[in-house]
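Okay, here's what each chain looks like letter by letter:
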Amino acid sequence: MTHVCKPFSHHGLALSASALCLLIGTAACDNATGTARADAQVRDEAASQLAEDLPPPVTSPEDTELARQEKDVFEALADQPVRLSFTVQVQDQPVNYQRFFALALPGELVEFDIEVPPDTEQPFTFELPDAGESLTGEAAIAWKAPDEPGHYRLTIKDPNTGEQMEITLFVLRPLDEKEDGVLNGYRIGEYEDVPLAGNPVYNKPAGLVEYTEDMEGLPISPHFTIDQFLCKQATSSDVKYLLVQPALILKLEQLLENVNARRGVEADTIFIMSGYRTPYYNKSIGNVPYSRHVYGDASDIYIDEIGNDGVIDDLNDDGEITRADAAWLYDMAEELDNTALDIGLRQGGIGEYGANAAHGPFVHVDTRGAPARWGR
Ligand SMILES: [Ca+2]
Ligand SMILES: [Ca+2]
C-alpha cells in the first residue's frame, strides 16, 4: 500500500513518511420540456437533456417548521468565525471554513493537506477525540476511516492563532449491502448500472451516509446541517440514507455569502427544498433517472430569511414574490458558476422555476462538473 502522507516541509522538519501518517482503522423540477427553451444559456443539446425534470414536493407546514428549527441552530453557531486564515485541502478540495465534512468508505484513506500560512511558528495539531489520539508537527495526514459506518470528528488546530477547523468524517454504508432495493429497512431503489454517456459523475455511488435521529441539526459547514439534505420520501425506518457532496456544500456556502453581501443582510442558511433523492423516490415523482439529486450534488433552493414562511423572499426588492425573485437568485448562481473554476469550486447546472400549485419560485443548483442552464 502506498501511503499518501506528505512531508511537512514548512519548517524543514524531516519526519519520516510513516510518522506523518495517522491510521486509526480500528478506532474509534418543473417540466423542462415545457419550460426550458434552447437559447444562448443552454450550452449544448446534452446540457438541456440533463435538465432536472420534475417539480419537487409541495412546500408544507413541515417545511416552515424545519426552516424555523434551522434558524435556531444557525443562530447558536453565529458567534463563530466562518472562515479561517488557513486552508486545508480536504480530499483535494480547498476548504477554509471553521467546520466542514468528508465522505469515506470503511477503511478508506482520507487525505487532509494544510496550506500552512507563511511565518507560522508552532506546528498545527490534529485531534481525534473519537480515537483518543492527537498528533503534532504535520501538515498532512491520511486518516484511515474506521470500519464502522457513522460519523467521526477531526479537529485541526493552529496553535499560533487559536483557530481550529472541525471536520466531520462520514463513514459510508456500502451500497452493496442493499438487498432488493432496501438498505437497513430504508428503501433506496436502484441506481443505473451504466453511467450516462460514460461520464464518471454518473457512476453508481459506492456508499451512502447513514442518518440516525441523533444527527438532527449536525452541522456539515458553517451554514448547513446534514438533515437539510434528507430525501423527502415517507418511511417508517429509524435509519435513513443520503448523499451530499462536499463540492455542492462549498458552492452553496459561497452562493450564500455572495447573496448576503449583495443584499446587505445575513441570511443564516439557504432553504433546501429538495436535496438528496433516493432513486426510488426520484422515480416515484417521475424524474429523469440520471437526476443529479440521486448523486447527492444537486439542490432545489431559495432564500427564506424573511418570515421563514416557506416561500422565497422578495430578493429583487420590487414588493412582490414572483418568478423574478428566482431569476435574481439564478443570476447570482450563474455569476458564481462562471467563476467557479477560478476559486476552486465545481461548475454545474442551474435551472429557474416559477411558482405553480405545488411550490413557490426556486432555483436548481448542482455541481455536475460542467455548465448546464435551463428554465429561461
Ligand atoms: Ca420568505
Ligand atoms: Ca420580488
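Residues numbered from 1 in each chain as written. Chains lettered and ligands numbered in written order. Predicted model: local features only at pLDDT ≥ 70, side-chain atom pairs only at ≥ 80, totals over all residues.

Engineer: Please provide a residue-by-residue account of the overall build of the protein, values included.
Structural biologist: Across its full length, the protein holds six helices and 21 strands. Sorting the 376 residues of the protein into buried and exposed places 44% on the buried side. (Helix = DSSP H or I, 4+ residues; strand = E, 2+ residues; numbered from the N terminus. Buried ≥ 20, exposed ≤ 12 C-beta atoms within 10 Å, placed from the backbone.)

Engineer: Tell me what's going on with the packing of helix 4 (residues 246–263) against helix 6 (residues 323–338), and back it up with residues and numbers.
Structural biologist: At a minimum axis distance of 10 Å, the contact between helix 4 and helix 6 shows a crossing angle of 125°. Our classification of the angle between helix 4 and helix 6 gives oblique. Crossing of helix 4 over helix 6 shows right-handed handedness. On the side of helix 4, the interface is formed by Gln254, Leu255, Asn258, Val259 and Arg262, while helix 6 contributes Met332, Ala333 and Leu336. (Axes fitted to C-alpha atoms, helices over the stretch in contact; angles between N-to-C directions. Parallel < 35°, antiparallel > 145°, perpendicular 65-115°, else oblique. Left-handed = near helix turned anticlockwise from the far one by under 90°. Contact = placed C-beta atoms within 7 Å.)

Engineer: Kindly report on helix 4, identifying the contributing residues and their values.
Structural biologist: With 18 residues, helix 4 extends 26 Å from end C-alpha to end C-alpha; this agrees with the ideal 26 Å at 1.5 Å per step. The set of residues buried in helix 4 consists of Pro246, Ala247, Leu248, Ile249, Leu250, Lys251, Leu252, Glu253, Leu255, Leu256 and Val259. Once helix 4 finishes, Gly264 follows within two positions and takes phi at roughly 70°, a positive value. (Expected span 1.5 Å × (residues − 1).)

Engineer: I'd like a description of the sheet that holds strand 17 (residues 271–274), backed by residues and values.
Structural biologist: Paired through backbone hydrogen bonds, the strands of a sheet run either parallel or antiparallel to each other. What the five strands build is an open sheet, ordered 17-18-20-19-21; its pairing is mixed. Two strands close off the open sheet at either side, each with one partner strand: strand 17 and strand 21 (372–374). Each strand of the sheet is rotated relative to its neighbour by a mean of 25°, with strand direction disregarded. Contacts between helix 6 and the sheet are confined to strand 18 (298–302), strand 19 (349–353) and strand 20 (362–366), with strand 19 contributing the most and set at about 170° to the helix. (Pairing = 2+ DSSP bridges.)

Engineer: Any chance you could break down the sheet that holds strand 10 (residues 173–174) for me, citing the residues and the numbers?
Structural biologist: Judged by pairing direction, the sheet is antiparallel, and its three strands sit side by side in the order 10-13-16 without closing on themselves. The open sheet has two edge strands with one neighbour each: strand 10 and strand 16 (240–242). Both strand 13 (residues 207–211) and strand 16 contribute to a ladder of three bridges, which runs antiparallel. Each residue of the ladder has a partner; that of Tyr211, found in strand 16, is Lys240.

Engineer: So what's going on with the nonpolar core? Which residues, and what values?
Structural biologist: Grouped burial of nonpolar side chains is what soluble globular proteins tend to show. In terms of nonpolar packing, the biggest core is built from 82 residues, with Leu169, Leu242, Val244, Leu329 and Val363 touching the most fellow members. Top element by residues in this core is helix 4. It accounts for eight residues. (Core = buried A, V, L, I, M, F, W, Y, C linked by C-beta atoms within 7 Å.)

Engineer: Talk me through the pairing of strand 20; I want residue IDs and the actual numbers.
Structural biologist: In terms of burial, strand 20 is largely enclosed, as five of its five residues are buried. Burial along strand 20 is two-sided: Phe362, His364 and Asp366 and Val363 and Val365, pointing in opposite directions, are all buried. Where strand 18 meets strand 20, four bridges bridge the pair, whose relative direction is antiparallel. Bridging from a neighbouring strand, Ser299 pairs with Val365 of strand 20. Note: strand 19 against strand 20, four bridges, orientation antiparallel. Bridged to Gly351 within strand 20 is His364.

Engineer: So, helix 6: which residues are in play, and what are the values?
Structural biologist: In this model helix 6 runs 22 Å from its N-terminal to its C-terminal C-alpha over 16 residues, within 8% of the 22 Å that 1.5 Å per residue would give. The inward-facing, buried residues of helix 6 contact helix 4, strand 18, strand 19 and strand 20.

Engineer: Before we move on, could you go through the environment of Ala298 and cite the residues and values that matter?
Structural biologist: Mapped onto the elements of the fold, Ala298 is located in strand 18. Ala298 sits in the buried class, given 28 other C-beta atoms within 10 Å. It is 9.6 Å that separates the C-alpha atoms of Ala298 and Ile350, two residues lying 52 residues apart in sequence.

Engineer: Before we move on, can you summarise the confidence of the model for the protein with the specific residues and values?
Structural biologist: Mean pLDDT for the protein: 82, with 76% of residues reaching 70 or above. With pLDDT under 50 throughout, residues 1–49 is counted as low confidence; its partners more than four residues away or in other chains account for 96 contacts. Scored below 50 in pLDDT, residues 53–59 shows 28 contacts in the model against residues more than four places distant or in partner chains. (pLDDT = per-residue confidence, 0-100.)

Engineer: Explain unusual backbone geometry to me, using residue names and the numbers behind them.
Structural biologist: With a phi angle near 50°, Gln91 is a residue other than glycine that sits in the positive phi range. For Gln91, the position within the fold is in the loop between strand 1 (83–90) and strand 2 (93–97). Positive phi is not limited to glycine here, since Ala197 has a value of about 55°. Among the structural elements, Ala197 can be located in the loop between strand 12 (186–187) and strand 13.

Engineer: Outline the environment of Leu256, listing residues and values.
Structural biologist: Relative to the assigned elements, Leu256 resides in helix 4. Taking the C-alpha atoms as reference, Leu256 lies 9.5 Å from Met332; in sequence the two are 76 residues apart. Look past the residues within four positions of Leu256 in its chain and what remains in contact with it is His223, Ala267 and Ile270.

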